[in-house]
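# Secondary and tertiary structure notes
Residue-level listing of the chains:
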Amino acid sequence: MIKPFVPQLVYIEPRALEYPLGVELKEKFEKMGLEIRETTSHNQVRNIPGKNHLQQYRNAKSTLVVGVRKTLKFDTSKPSAEYAIPFATGCMGHCHYCYLQTTMGSKPYIRTYVNTDEIFDQARKYMEERAPEMTRFEASCTSDIVGIDHLTHTLKRAIEYFGKTDFGRLRFVTKFHHVDHLLDAEHNGRTRFRFSVNADYVIKNFEPGTSPLDYRIEAARKVAEAGYPLGFIVAPIYIHEGWEEGYKTLFEKLDAQLPESARQDITFEMIQHRFTKPAKRVIQKNYPKSKLEMDEESRRYKWGRYGIGKYIYSKDEEHELREHLESYIDKYFPNAKIEYFT
């Protein structure tokens, strides 16, 4: 998907039209000639077209629901931030391994929330509670928000909102290159713009519907030149034939494109491929032809929170992955900060 996302079908919650952004989006989608339906709740969207599960799943991924976020309590279980800030849920990408497939379950459609001022107010309360410590907010826990922001501009508003705060920092990650409208946002260095990157093999085989690697890297260069602090998530780190060379090429490409000015403050987060039993079932149902390797026998089992364990690589494989990737980072980006390897 090289072109920016355009939904095939739009649902609007009546309450969303009590907010200026809801009205604005309805008018925008009417002008674009999109089919608009009403739904009583963004959690209860029914009648998504399709003769079978696969058709309905694909149609849901191109359906946008405009709603009001009722739960304003922010999730706190993220390694990269104190709070997850909820502007959107769901994603138009078709990454085979994505954990959203299990967390979204029967609701794979994309939701955007129009009560942004209420969400910002809640963020302000969290910042006040923790001041003078910094409070980091992660905007991409349940969605790839950049993928829809050319339509909503919610992320742009958030970047400018946090740009004016003393103790708030915003961060998000994307696999899309549609960043041009964000380049002139007044971020004041308070938003870390991260890109999800991987070896070409992984992107080509397991990340359909997202921007190719070269487009992501070009977008990262633009973002760096716009003065944003930059970060990269290498995930999932996946063992495949020639993986050492594949990941080396990734870092060579980054090195060739990124300006000197960005290199003093780059972060890397690294997550090895993992899956749970429930996730494996959902992935096989949604992407029956996927080549994604999920052999429980060849993995080690690691107990997780909430009693659901995950299958990750063996200790030796994990060690080898970590050694290779950290050596590439040391070689090409000696001043970068590795936030974690998990």
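Refer to the structure above for everything that follows.
Everything in this summary refers to the structure shown in the same document.

Conventions used here
- Residues numbered from 1 in each chain as written.
- Predicted model: local features only at pLDDT ≥ 70, side-chain atom pairs only at ≥ 80, totals over all residues.
- Heavy atoms only, no water.
- Helix = DSSP H or I, 4+ residues; strand = E, 2+ residues; numbered from the N terminus.
- Rg over C-alpha atoms; globule rule 2.2 N^0.38 Å.
- Buried < 20%, exposed > 50% of the residue type's maximum accessible area, 1.4 Å probe, protein only.
- Contact = heavy atoms within 4.5 Å.
- Areas by Shrake-Rupley, 256 points an atom, 1.4 Å probe, with all protein chains shown as cover.
- Lys, Arg positive; Asp, Glu negative; His and termini not counted.
- Charge placed at Lys NZ, Arg CZ, Asp CG, Glu CD.
- Disulfide = S-S within 2.5 Å.
- Pairing = 2+ DSSP bridges.
- Axes fitted to C-alpha atoms, helices over the stretch in contact; angles between N-to-C directions.
- Left-handed = near helix turned anticlockwise from the far one by under 90°.
- Nonpolar A, V, L, I, M, F, W, Y, C, P; charged D, E, K, R; others polar.
- Right-handed = clockwise from strand over helix to strand, strands pointing away.
- Core = buried A, V, L, I, M, F, W, Y, C linked by side-chain atoms within 4.5 Å.
- Phe/Tyr/Trp six-rings, centres within 6.5 Å; stacked < 30°, edge-to-face > 60°.
- Salt bridge = Lys/Arg side-chain N within 4 Å of Asp/Glu carboxyl O.

## A look at the overall build of the protein chain
Tallying secondary structure elements over the protein chain gives 11 helices and 14 strands in all. Against the globule reference of 20 Å for 342 residues, the protein chain gives a C-alpha radius of gyration of 20 Å, in line with a compact fold. Projected onto its principal axes, the C-alpha coordinates of the protein chain cover approximately 55 × 50 × 40 Å. Expressed as a percentage of the 342 residues in the protein chain, the buried residues total 52%. Residue pairs in contact within the protein chain that sit at least 24 positions apart in sequence constitute 77% of those at least 6 positions apart. Accessible surface, the protein chain as shown: approximately 15700 Å² in total, 50% of it carbon and sulfur. Looking at charge distribution, the protein chain has the averaged site of its 52 positive side-chain charges lying 5 Å from that of its 48 negative ones.

## Focus on the state of the cysteines
Here a disulfide denotes one covalent bond, and it connects the sulfur atoms of two cysteines. Summed over all chains, the structure comprises zero disulfides. Counting only cysteine sulfurs, C95 is the nearest neighbor of C98, a cysteine outside any disulfide, at a range of 6.2 Å.

## Description of the sheet that holds strand β9 (residues 191-197)
Spatial ordering of the open sheet is given by β4-β7-β8-β9-β10-β11-β14, a layout of seven strands whose pairing is parallel. Single-partner strands in this sheet number two, and they are β4 (83-84) and β14 (337-341). Here five bridges tie strand β8 (residues 168-174) to β9, and the two strands are oriented parallel to one another. Pairing of T174 across the sheet is with F195, part of β9. Most of the contacts of helix α6 (residues 154-163) go to β8, to which it runs at about 150°, and overall it touches β7 (135-138), β8 and β9. Across the sheet, helix α9 (residues 243-257) is in contact with β9, β10 (230-237) and β11 (266-272); its angle to β10 comes to roughly 165°.

## Focus: the packing of helix α4 (residues 116-130) against α6
The geometry of α4 relative to α6 is characterised by a closest axis approach of 12 Å and an angle of 30° between their N-to-C directions. Seen from above, α4 lies across α6 with right-handed handedness. For the pair formed by α4 and α6, the contact residues are T116, F120, A123, R124 and M127 on the first element and T154, R157, A158, Y161 and F162 on the second. Residue classes in the contact of α4 with α6 are distributed as six nonpolar, two polar and two charged.

## Some points on the pairing of strand β2 (residues 35-38)
As paired strands, strand β1 (residues 9-12) and β2 are joined by four bridges and run parallel to one another. Paired with I12 across the strands is E38, a residue of β2. One crossover worth recording links β1 to the parallel β2 by way of helix α1 (residues 20-31), and it is right-handed.

## Some points on the sheet that holds strand β3 (residues 63-67)
In any sheet, the strands associate via hydrogen bonds between backbone groups, in a parallel or an antiparallel arrangement. If you walk across this open sheet you meet the five strands as β2-β1-β3-β6-β5, and the pairing is mixed. Each edge of the open sheet carries a strand with a single partner, namely β2 and β5 (88-89).

## A short note on the nonpolar core
Counting residues in each nonpolar core, the largest one holds 91 residues, and the members touching the most others are Y247 and F251. The biggest single contributor to this core is helix α8 (residues 213-225), with six residues. The next biggest cluster of nonpolar side chains, apart from the first, holds seven residues, and it includes L9, Y11, V45 and I48.

## Quick word on the packing of aromatic side chains
Scanning all chains against the criterion turns up 22 aromatic pairs. Ring geometry for Y201 against F206: centres 6.0 Å apart, planes inclined by 80°, an arrangement best described as edge-to-face. Looking at Y201, the relative accessible area reads 33%, which means it is partly exposed. Residue F206 is classed as buried on the basis of its relative accessible area of 0%.

## Focus on the pattern of salt bridges
Applying the stated criterion to the full structure yields 28 salt bridges. Between E82 and R136 there is a salt bridge, with its nearest N and O atoms 3.0 Å apart. You can see E82 sitting in the loop between β3 and β4 and its partner R136 sitting in strand β7, a full 54 residues away along the chain. Accessibility expressed as a relative area gives 28% for R136, which makes it partly exposed.

Geometry only, nothing functional implied.
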